[in-house]
Amino acid sequence: MIIKHELWKIAKMPIIWFLLLFFIGLNVLISLTNTDFKEDMAVLKDLVRNYGHDINVEMMTDLGDDYEEKVAWVNHIAKHDGKTYEHPSELLDTYISEKPFNEDEMQKLWQYRSIETYYRVSQDIDEFYQKLDLKDSASAIIGMYGMKDAAADTVRDQFQKLDRRLEELIENGEHKHLFFHNKVYEMHELLFEKIGRALIFELMLLFVLITAAVTNYEFENKTAAVSYTAKRGRKLALAKLAAASIAGFFVILVLIGVTFTTYFLTYDYSGLWNVPISTYFNAEMPLPYITWWNLSFLEYLGFFVLFVIIIQYLFMGITFFLSIFMKNTYLVFFCFLIIAGAGVLLPEIAPHGSNFIFYLQYTPYVMVMNPHEWLMGNGPFTIYKTYEAVTIVVWTLVTGSLCALSIRRFKRMQLH
Amino acid sequence: MLVMNQVSKKFGNFTALKDVTLEFDNGIYGLLAPNGAGKTTMIKMLVTLLFPTNGEILYDGTDITTLDEEYRNVLGYLPQEFGYYKNYTPEKYLMYLAALKGMEKNTAKQKITELLKLVGLENVTNKKLKKFSGGMIQRVGIAQAMLNDPKILILDEPTSGLDPKERARFRKLLNVLAQDRIIILSTHIVSDVESIANQIIMIKDKKVLYKDSITNICEILEGKIYETEVEIANAESFRAKYFSIGERQERDQMTFRFITEEKAIDPAWRNVRPSLEDVFLYIYQDDATLAGSTV
Amino acid sequence: MRIILYEIGKLFNWKVIGLLFLLSFLFYQLFLSFHFEYFPNGRPAGDHFKITKQMIAKYGPEMNKKEYENFKKTYEKEVNKADKYVASQEEFANAGITTYEGFKKFDRPSNPELDNLKAEIIFKKEIDIFWELQARESIMERYEHFEERTLTNRYIDNEEWKKEYLNSESRHSILPDYVIANFSNLISMVGILIVLSVIIVVSRIHIIEYQNNAITLQYTTMEGRNLFKKKLVAAMVTATMITTVYLGIFFQLYAQNETSEFFASSLFSFEFNGHYWLDITFFQYIIASVVGVYLLSFVTAAISTYLSRVVWSYISLIGSQIPIAVVLILLIKEYLITRMFGMQYPVYLTIGTYIGLLLIGGAVLSFRWKKERIIDIV
């Protein structure tokens, strides 16, 4: 009952609604940045429908036969110059500025070029993984960050573990599935890094504002003397936390819901939901994404949402703690941001030779910086298999105790 | 001379004041009305915070909106609740307001020392305002209103928060100041104005009801105020019959102060001289805001 | 004047100053320090940097064809030195490699052992001459081909500009693109820091009066509603102060990047991959960026002043400033400061956006001032 009243206070803050709308608009804009490639990506959908996403011998033979036909067509329309073209791209490169073909032909050529990419890249996957040596990756990272001693050992150690996982991954064939060719389209980056990070920061701002505003409400409206002397008294703080949690969940639902709906309506993932996220086609950097577990795209997306929700509630707990002691939204807001900045900065103070450089990464503030590498061995500093789990568990305990402590302290606090 | 000429104020569809015509000369005016009667609206118009919807307010014959700065230069105002910066000392705070009032720095400094002494704060000039009690803050407010030696001094509930000693001192101060300026005191505490105001202005139903001296106003009830003792058992029926404006219990009897149009029916009734308080209660008897109030 | 000082004084209390200090520290550590510490970033960028500076000392900000012949001669001399070094290396001599040319062309499959040795010479021993030659070669490559590269550049869809560029004197100016990129990155982060600081400080200007219930008192003094204007002046002075202090400190720090030799070089340099619309010098570009930062600071101050007057609570204030901060940051990173006058965007877009922002700032304030004069203070 009392929670309903507290919820009402939140719902009556126009600024929350205004911000929610603004963020939705922003995310829609970010979602639409890759629409240039939409037609190109449609080719993949056809391929998956015809051959499935699993790249195996049978599928490659079928696709190869089909491809031969397409190459024949290419040579057919190019017959005037007397050369033989092995691939559509060769013809396109030759006539890049002249464009002697009609519109239909051009369109078909571009389409075939996309098919060519998928076909030829698929052919090269095995060779790529044979050559892939994680020791090189480890050395490169050690060199790049100037690591020494214990830190360098840790990196080598972790990459060894990742190497075992890589073997398993290859055995499972997780790497051989058709997916958006992300070296070009960078869809993983768009969804999990650009949109993902934007979502996390937007939700963070909303969570901090909602929590701080409702917790400090009585002090800022000069009603504290009345509210906290009523029968329920200081327990009101608990109701406020509950109300903030409910409002927060609503905000998450709306913002993530609208953003992902826009995204998946814009980019067609049908047929791709069950593709392992570690497939070679998902790779954007020289080192392909390697998850510690065999996860499909859909599962990965599920974990992403789950982590985002948990982390937001961690932020809520921290904000609640600050609010109880500061009683001023303006102050709490900036204080939170400063702490967040300090959290990101913290690992920098560790000497490059010590393992503290890794330990200090175990904060939600660092974790939210690279959501596209969650559950993966790709972030050099967050390479631990259990990084996400440990961070979440430890910080849930920390913020849980902070909240409990602040509620208890609040009961005995002198209110001026 | 300050003149309100057929002034009306509307907020949207709501009329707060209607056709108010008043003249103010040097002297102290007590603006008396219950809360919500339009008192604050009137004052806010006099201090240029609100603008009349109809009519005009003239100072020495010119509209105060036209006078603008010139008018505010001779104005001193103490709002009901006034703002101050917690981390300022009274001295710094008054220096700031002096700057807003367009005073020279040196003149201001001198005046501030003088005023702080006058309101009895000379020993705490360097303490931060957040450490001040309500009464001390109110005295700072009074000092601030007098900073520019205003020709028109408008005080909204000036004695709230002051203890009896401070009130007495404040009244004395006003008497001295009233020699050569207009002082308008708004209050719903009758005793505040009773002893010092030359004229009382009463507002009812968005209009000015009376503007007269206390003696003249009290005459309205001359011969209509009585006091008598009633058995407690009969108190209820007595109340129902007469308009009681004051009761107090003495042993097993109740002493009633009440108003009646009838000539003394009962020999036990003692005719008493009406006070301003009596008039106030009589006039606003049907006013919802007064319901349930006792003396 | 006194009133303005008082108003400025109210904006800076120790909490706000502390906040600015922390914010600046975080910003420096997270976004700025890298561009000071790692400039120019590694080799051969460092060698390139050194050589271009030598060139400017010798040829002035531009290198004409005649001077280029001289540059090539210097290159030959350096190659001779390198030849001697290679010849002096027994292992290479044994394999029949006695010249720099041979050393350069030599690749791994033919002799892995020797390739390791080559890598050791270059990466471990860091023999300067090989790095320097690499840098010189890249300069020569660009100098010789920038004209045809420009003509065939499909991303520049403006023949007029191409003509102007290729006919300009400045096309031979010596200005490495990473110098501009480095400055542009730094100044845009500083610009963002300034915008955020102005928001934090100036946003309180009116709301403190509302929160402290001081407006009735202020508006009945002689100054009266004119205080709105004085506060606006105070906001602008504060924004100027913040901007000047931050920029002052920034340029002190920037001095350590030692790029002053390039100040007279034009953005029409043959060294560039990305191009700029205007034939202005690096120094003029710096001035333009500084002007841009000041304008943004004023716009921010104007909008903050307006919001501070129309919003009643701190949470609404923060909430309404978030979209403004986000939009300004995105614009700064996109084309208002970063890539200012770059060819990725039409030049009128940059100028138009600045004018638009100034108009918005001016419009909301004049709108509010008109209202402020007649509004009932209830």
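**Considering a negative patch on the surface**
A grouping of Glu58(A), Asp62(A), Asp65(A), Glu68(A) and Glu69(A) is seen on the molecular surface, where their side chains present a negatively charged patch. Position of Asp65(A) among the secondary structure elements: in helix 4 (residues 57-77).

**Concerning the confidence of the model for chain C**
Any residue range with low pLDDT should be treated as having predicted coordinates unsuitable for detailed reading. Residues and elements named next belong to chain C. On average, residues of chain C carry a pLDDT of 90, and 99% of them reach 70 or more. Per-element confidence in chain C is highest for helix 13 (residues 227-254), whose mean pLDDT is 97, and lowest for helix 7 (residues 112-124), whose mean pLDDT is 79. Under the prediction, the complex receives an ipTM of 0.84, its pTM being 0.88.

**A closer look at the interface of chain C and chain A**
Each partner contributes to the interface: chain C provides 24 residues, whereas chain A provides 21 residues. In this assembly, chain C packs against chain A so that about 1,900 Å² is buried in total across both faces, 88% of it on carbon and sulfur atoms. Here chain C and chain A share 0 salt bridges between them. The tally of links between chain C and chain A comes to 1 residue pair in polar contact (both at pLDDT 80 or more).

**Overview of the domain arrangement of chain B**
Accessible area lost when the parts come together is the quantity often used to give the size of an interface. Residue and element names in this part refer to chain B. Taken as a whole, chain B is organised into domain 1 (2-217) and domain 2 (219-290). Between domain 1 and domain 2, the C-alpha centre-to-centre distance is 34 Å. In this complex, domain 1 contributes 17 residues to the contact, which on the side of domain 2 involves 12 residues. In total, about 1,300 Å² of surface goes out of reach between domain 1 and domain 2, with carbon and sulfur atoms giving 67% of it. It is Pro34, Lys204 and Ile217 that lose the most area in domain 1 upon contact with domain 2, and together they represent 36% of the buried surface on that side. On inspection of domain 1 and its partner domain 2, the count reaches 0 salt bridges. Counting every contact that joins domain 1 to domain 2 gives 8 residue pairs in polar contact (both at pLDDT 80 or more). Partitioned by chemical class, the residues of the side of domain 1 that touches domain 2 number 12 nonpolar, 3 polar and 2 charged.

**As for the domain arrangement of chain C**
Residue and element names in this part refer to chain C. The domain architecture assigned to chain C consists of domain 1 (2-40 + 174-374) and domain 2 (63-172). Once you take the C-alpha centre of each, domain 1 and domain 2 turn out to be 43 Å apart. Contacts between the two partners involve 14 residues from domain 1, matched on the other side by 17 residues from domain 2. Carbon and sulfur atoms make up 57% of the surface buried where domain 1 meets domain 2, a total of about 1,300 Å² over both sides. Three residues, Phe268, Phe270 and His275, lead the burial of domain 1 against domain 2; their summed loss comes to 52% of the area buried on that side. At the junction of domain 1 with domain 2, the criterion picks out 2 salt bridges. For Arg142, the salt bridge goes to Asp177, with nearest N and O atoms at 3.6 Å. In this assembly, domain 1 and domain 2 are joined by 6 residue pairs in polar contact (both at pLDDT 80 or more).

**Looking at the interface of chain C and chain B**
At the junction of the two partners, chain C supplies 27 residues and chain B supplies 34 residues. When the two sides are added together, the surface that chain C and chain B hide from each other amounts to roughly 2,700 Å², 57% of it contributed by carbon and sulfur. On the chain C side of the interface with chain B, the three residues burying the most area are Arg2(C), Leu217(C) and Met222(C), jointly 28% of the side's total. Scanning the region where chain C abuts chain B turns up 1 salt bridge. The salt bridge partner of Asp376(C) is Lys9(B), with a shortest N-O separation of 2.5 Å. Elements with a minimum of two residues in the side of chain C that touches chain B: helix 1 (2-11), helix 11 (204-212), helix 12 (215-219) and helix 16 (347-374) of chain C. Broken down by element, the side of chain C that touches chain B gets its largest block of residues, 5 residues, from helix 1 of chain C. Residue classes in the side of chain C that touches chain B are distributed as 11 nonpolar, 8 polar and 8 charged.

**Details of helix 7 (residues 134-144) of chain A**
All names here are of chain A. What helix 7 keeps buried is the set Leu134, Ser137, Ala138, Ile141 and Ile142. One side of helix 7 carries all its buried residues, which in axial view fall inside an arc of 130 degrees. When the buried face of helix 7 is taken as reference, the exposed residues oriented beyond 90 degrees from it are Lys135, Asp136, Gly143 and Met144. Taking the backbone nitrogen of Lys135 as reference, a side-chain oxygen 3.0 Å away marks Asp133 as the first, capping residue of helix 7.

**Some words on the pairing of strand 2 (residues 14-24) of chain B**
All names here are of chain B. Pairing of strand 1 (residues 2-11) with strand 2, which is carried by 7 bridges, proceeds in the antiparallel orientation. Residue pairing for strand 2: Val3 is matched across the bridge by Glu23. Hairpin connection of strand 1 to strand 2: 2 residues between the antiparallel strands, including Gly12 at a positive phi of 65 degrees.

Definitions and limits used
- Residues numbered from 1 in each chain as written.
- Chains lettered and ligands numbered in written order.
- Predicted model: local features only at pLDDT ≥ 70, side-chain atom pairs only at ≥ 80, totals over all residues.
- Heavy atoms only, no water.
- Patch = residues over 30% accessible without salt bridge, like charges linked within 9 Å, V, L, I, M, F, W, Y side chains within 5 Å.
- Areas by Shrake-Rupley, 256 points an atom, 1.4 Å probe, with all protein chains shown as cover.
- Salt bridge = Lys/Arg side-chain N within 4 Å of Asp/Glu carboxyl O.
- Lys, Arg positive; Asp, Glu negative; His and termini not counted.
- Charge placed at Lys NZ, Arg CZ, Asp CG, Glu CD.
- Helix = DSSP H or I, 4+ residues; strand = E, 2+ residues; numbered from the N terminus.
- pLDDT = per-residue confidence, 0-100.
- Contact = heavy atoms within 4.5 Å.
- Buried area = accessible area lost by both parts, 1.4 Å probe.
- Polar contact = N/O pair within 3.5 Å; in protein donor to acceptor, adjacent residues only side chain to side chain.
- Domains from an automatic or database assignment.
- Nonpolar A, V, L, I, M, F, W, Y, C, P; charged D, E, K, R; others polar.
- Buried < 20%, exposed > 50% of the residue type's maximum accessible area, 1.4 Å probe, protein only.
- Arc of directions from axis to C-beta.
- Pairing = 2+ DSSP bridges.

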